[in-house]
Amino acid sequence: MPEPTKKDETPNGEKESVATDSSEAPMPTPEISLEVSPPPPVWSLGEGQAPEDLDKPVDTPPLSSLLIERPQGGSITVGGDISFVAKVEAQDLLRKPTIKWFKGKWMDLASKTGKHLQLKETFDRRTKIHTFEMHIIKAKDNYAGNYRCEVTYKDKFDSCSFDLEVKELEQSQSVDIRSAFKRSSEGHEDAGDLDFSGLLKHREPKQDETPEVDVWEILKSARPDQYEKIAFEYGITDLRGLLKRLKKTKKEEKKSEAFAKKLDPAYQADKGGKIRLVVDLADPTVELKWYKNGQEIRPTPNQRKFIFEQKGTQRILVINNCGLNDDAAYSVAAGEEKCTTELFVKELPVKITKEIEAVKTTVNERIELECEVSEEGAQVKWCKNGVEVPTGPRSRYRVKSDGLKHWLIIDDASKEDTGTFSLMASGGTSEAKVQVELKPLKIIQDLQDMTVLLGQPLKMHCEIFPGNVPGRWYRNGQLIQSNDRINILQRAKNHRLEIVNSTIHDAGDYTFVPEGYTQSLCAKIHIVDPPRVHLESLNFPDNTVTIVAGNKLRVEIPISGEPAPRVVWMKGERVILDSGHRVRAETFPDHTSLTIDIAEKEDTGNYKIVLQNEAGEAGASVKVKVVDIPDPPEVPLVTEVGGDWCSMTWEPPIYDGGSPILGYFIERKKKQSSRWMRLNFDLNKETTFEPKKMIEGVPYEVRVFAVNAIGVSKPSEPSKAFVPLAVTSEPTMLVVDDVTDTTVTMKWRPPDTIGAAGLDGYLVEYCIEGTDDWRVTNKELTEKTKYTITGLPPEAKILVRVRAINAAGASTPRTLQHSILVKEVIEPPKIRIPRHLRQTYTRKVGEAVNLVIPFMGKPRPKVSWLKEGQTVDPTQVTIRNTDCDSIIFIRKAERKHSGKYDMKVEVENHVDTAIVDIQIVDLPGPPQCVKIDEVWGGNVALDWTPPKDNGNAAITGYTIQKADKKTMEWYTCIEHYHRTCITITELVVGNEYYFRIYSENMVGLSECATQTKDSALIVKEGMQLKNPEYIDHDFKEPPKFTQPLINTFAIAGYNATLNCSVRANPRPKVIWMKNKIAIIDDPRYRMFSNQGVCTLEIRKPSPYDGGMYSCKAINDLGDALVECKLEVKVPTQD
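Calculation notes
- Residues numbered from 1 in each chain as written.
- Predicted model: local features only at pLDDT ≥ 70, side-chain atom pairs only at ≥ 80, totals over all residues.
- Heavy atoms only, no water.
- Helix = DSSP H or I, 4+ residues; strand = E, 2+ residues; numbered from the N terminus.
- Contact = heavy atoms within 4.5 Å.
- Pairing = 2+ DSSP bridges.
- Axes fitted to C-alpha atoms, helices over the stretch in contact; angles between N-to-C directions.
- Buried < 20%, exposed > 50% of the residue type's maximum accessible area, 1.4 Å probe, protein only.
- Phe/Tyr/Trp six-rings, centres within 6.5 Å; stacked < 30°, edge-to-face > 60°.
- Lys NZ or Arg CZ within 6 Å of the ring centre and 35° of its normal.
- Core = buried A, V, L, I, M, F, W, Y, C linked by side-chain atoms within 4.5 Å.
- pLDDT = per-residue confidence, 0-100.
- Polar contact = N/O pair within 3.5 Å; in protein donor to acceptor, adjacent residues only side chain to side chain.

1. Observations regarding the overall build of the protein chain
Of the regular secondary structure elements, the protein chain holds 5 helices and 87 strands. Partitioning the contacts of the protein chain with sequence separation of at least 6, the portion at a separation of at least 24 is 63%.

2. Focus on the sheet that holds strand β9 (residues 129-136)
Across a sheet, strands are paired by hydrogen bonds formed along the backbone, either parallel or antiparallel in direction. Pairing in this open sheet of 4 strands is antiparallel, and the strands run β3-β5-β9-β8 from one edge to the other. On the outer flanks of this sheet lie β3 (67-69) and β8 (117-124), each paired with one strand and no other. Each neighbouring strand pair of the sheet contributes to a mean axis angle of 25°, computed without reference to strand direction. As paired elements, β8 and β9 share 8 bridges and run antiparallel to each other.

3. Section: the pairing of β9
The buried fraction of β9 amounts to 7 of the 8 residues, a majority that puts the element mostly inside the structure. The pairing of strand β5 (residues 82-89) with β9 spans 8 bridges and is antiparallel. Bridge pairing in β9 places Val85 opposite Glu133. Here β8 folds back onto β9, and the loop between the two strands holds 4 residues, one of which, Lys128, carries a positive phi near 60°.

4. Here we look at the packing of aromatic side chains
Within the structure shown, the criterion is met by 12 aromatic pairs. Each ring, one from Trp473 and one from Phe512, has its centre 5.0 Å from the other, and the planes form 50°; the classification is tilted. In this pair, Trp473 is assigned in strand β33 (residues 471-475) and Phe512 in strand β37 (residues 508-514), connecting sequence segments 39 residues apart. Each of the two residues, Trp473 as well as Phe512, counts as buried. Through pairs of rings, three or more aromatic residues link up here, namely Phe84, Trp101, Tyr147 and Phe162. The aromatic ring of Tyr397 is capped on one face by Arg396, whose charged end is 5.8 Å from the ring centroid. It is Arg678 that lies over the ring of Phe705; its NZ or CZ is 5.9 Å from the centre.

5. With respect to the sheet that holds strand β46 (residues 616-627)
Here 5 strands make up an open sheet; going across it, the order is β39-β46-β45-β41-β42 and the pairing mixed. With one partner strand each, in any of the chains shown, β39 (544-548) and β42 (574-576) form the two edges of the open sheet. Averaged over all neighbouring strand pairs, the angle between strand axes comes to 30°, with direction disregarded. Looking at chain direction, strand β41 (residues 566-571) and β42 are connected through 3 bridges and run antiparallel. Across the sheet, the residue bridging to Lys571 is Arg574, located in β42.

6. A short note on the nonpolar core
Ranked by internal contacts, the top residues of the largest apolar core, which has 28 residues, are Phe84, Trp101, Met134, Ile136, Tyr147 and Leu164. Secondary-structure elements contributing two or more residues to this core are β5, β6 (98-103), β9, β10 (145-153) and β11 (156-167). Core analysis: the next-biggest nonpolar cluster, separate from the first, contains 24 residues, Ile557, Tyr607, Val622 and Val624 among them.

7. Quick word on the confidence of the model for the protein chain
On average, residues of the protein chain score 83 in pLDDT, and 88% of them reach the 70 mark or higher. Under a pLDDT of 50 for its full length, residues 171-175 has, in the predicted model, 10 contacts with residues more than four places off or in other chains. Segment residues 183-211 is flagged for pLDDT under 50; beyond a separation of four residues in sequence, or across chains, it makes 40 contacts in the model.

8. Let's talk about unusual backbone geometry
A cis amide bond links Phe465 to the next residue, Pro466, at an omega of 5°. Secondary-structure assignment places Pro466 in the loop between β32 (458-465) and β33. Of note, Glu986 is a non-glycine position whose phi angle comes to about 60°, a positive value. Structurally, Glu986 can be placed in the loop between β75 (981-984) and β76 (992-1000).

9. Topic: the side chain of Thr732
With respect to the helices and strands, the residue Thr732 is situated in strand β53 (residues 732-739). Under the relative-accessibility criterion, Thr732 is labelled buried at 13%. A polar contact is formed between the side chain of Thr732 and the backbone oxygen of Pro750, at a distance of 3.2 Å. If we skip the residues at most four places from it in the chain, Thr732 touches Trp748, Arg749, Pro750, Asp752 and Arg814.

Structure below.
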């Protein structure tokens, strides 16, 4: 509902509505011109907070003083610039604080920075102050609103709000509406908020023209659903900006034809008062109707609520006795026209004219609180201690009102009604204290002490005044609650406690406490019960307790009786005391116990229990039986042993412990071990057993346990140690190796399975075919797998077998499947030349030659060697022959060892031969007669003859090198060149060159090269230079180090270099030494020499590479030496 129009009070006290005077001329219709304010920018700062949201709190952390300078609000005109500054002191801050700029409650301006908004941060190191600035450039009218700056640092927070007011310019620029709301593709500042150019971006740009129609008039007269169509028709792309502008334009107010003066926008009246609604008609003859909330108000003759009056052209509606239901919207219709207003009825506060009086009374009395207010039928609320009093049908409180008076009535007051009662009205509150006290307590009949037999009913009774006071019963200080067995009764002054069946727990001190009083009634109840022994709870057959000897026996027998009975335990005529050591009796309130710490066989017998108390005497007896485990069995006897098993037997124990033997447990262990392993988990009923899965060759022991119903006996004594052993399997692959006229040689392989007993040897036997007379050929076992049987009759046929022998005995024999004829067989010789010797066998000079050539033949062949038809010199070549091969060995080959070696193998009249070609090669000699054939331009033609000595191998190529006469440093021109003439090209004009050539074969380059005697001078073509004759200066000098070596530290694993520089002429030879030992062909070192700078590189040195390093330079005029110390350190790991 909108706020009512404010009223001004006149001196007469009448309230006059501040409405537009009827004499004022109506507001003129605003002229619709083609003028617009500057269009909204590309970015927008939003609309800020709504007015109703400005007073709502913003949820922020607790504030702290971070800002030392806060931004202040300001006012600018449209298009102006303004800056806001916030400063934060960083004296106690470890890092830069975070700042955020907001417009309204939620819009973060960090994402809006651009052409019209800039955020800047600076820090002064001298003053330790952070400065944060927000610059608004060329402000627009929608930039106005509430802004907020927030600064945070860890758990600290500070905030500041400020306002920006943007004022409109007094004169606005007149522009074409279609050009004002058209967005160009270049994104000018005058572009609108919404670009519809997505539909028109492919059109060619057109020149703006002066509008020929008034678009504003078309838009004002059109429906809202036609705005988009009109905008496209006249080329307006910024529809959003057009709608905003159209919304701001005030609609033309048409002059009313029916009303000269309309109703005021709002009226206000007090409740119970009256109000006049006046309207002035332009045409008094028009029909007039009044409405309330859309319902027509019709005059009624009997009621004076609404009165219609006429005074000239004025029509008046009078509303008498205004109530809250008259607060509504009213309207008046004159013909087709209508004007509306709102009536606000103000309710006057209800005041208290008579206060509530304080009340002091006693329990069960009536309390009546009275209060009087200023208005009849007023709504009031009764409260007790600030809480509204319930007034429902089941409530103890009743509320009554009569005119201006209001009552709160409590019929039966209780002590809980004590407190502060109040009546609350809209115009005030009245309070009064109510105090309710108890009446004095009078005991008419007190509780009596009683003694009750267990199980009999218990009834307690007392009588007090006043009679309607409730109370509580207590036993030994514990509250008693009603249940199926206990009944608590109250009838007026009488209070009763009844217990149907009394128990021992019902004895004690009983107390009755009246509610609200400090006095109490007390009595003592005593419950008695004859003693009884409850043997049925033991569940022992025939009341007999069985105990294993050596165990502790504790028999607990429940007893009852009140008071607690005296208990005596007896065995025969002997009384068992509670002070006994091994056997003792103990008595407790609810049971008695017999304890035997270590049961013995003598403890078996009957035990008698006697109970006595003032209510009677009882007795009972218990029988105790002591049993034991059996004695251990006799020592077991191992009767038979196998590879992984044995067979054992034993005798039963002499004493079975009073219970039959149920079975036996068997255990075994290795003799060297102390850990026994059980072999059966199910009882063995017999006195024999066969342990299995033992390890062959390991000594074992076994023992036995006897088991009865009581338990397991102690183990028997261990048996004698025994070792499981097994014979080996039979030998394998028995074959004939050789046969002569009197001997047979046999070969075989060891058995597949030998076992833990090992293999002692083999026994070879034979017999003549057709007989079973096996004869042992070897009286002592042979460990070899080959044996020759001697002394056989020639041309006899025999059978042969072999046995493997170990500690367990002889294995199954391996017999040859067929008989053997004792007669030697001739086998022709045959030489088996290895594959690599079927071609020429090549070796370098100085290498060893070791050739093995196998052959076959029987009997043993005769071997002979020839070289080039001559007998081999045994001083030069060593030859060794065996039954199956021949070995030729040369310790250090020379070129004279080259040639073809003939091998001949003979067996009686049979012969086999073979040829082995051996070639010993060496480095070739240098080429012969190297000469310069021709020099032209930058080219030189060379020619040479092959070397005289080719190193006993074909020449595979040549290597040609050149050297400038000035430096005499040789450079390779070409390698592996096969011809004996070549043209060297790309020589430098003006230089004079020498050339040398190395020959090459399969071994490598020749040791030296042949150099040209003459040099080749490269001169420019077409010019002939005549060299003047000069006396050459002698530049020769001995070596001299211009830069010595420096002591160096190196890190293990990282390359290290040593550098020095030397000057000498002719060029010196540089030698590097470590600890005065020359470094030659060591892959860990690399040596460089360039322009006199000598470098030694040590690759990944270790601590062993440390020491004294020296560099020595030598030429024909002398030598020079420099030294340094190198230390290699190993990096340590943290």
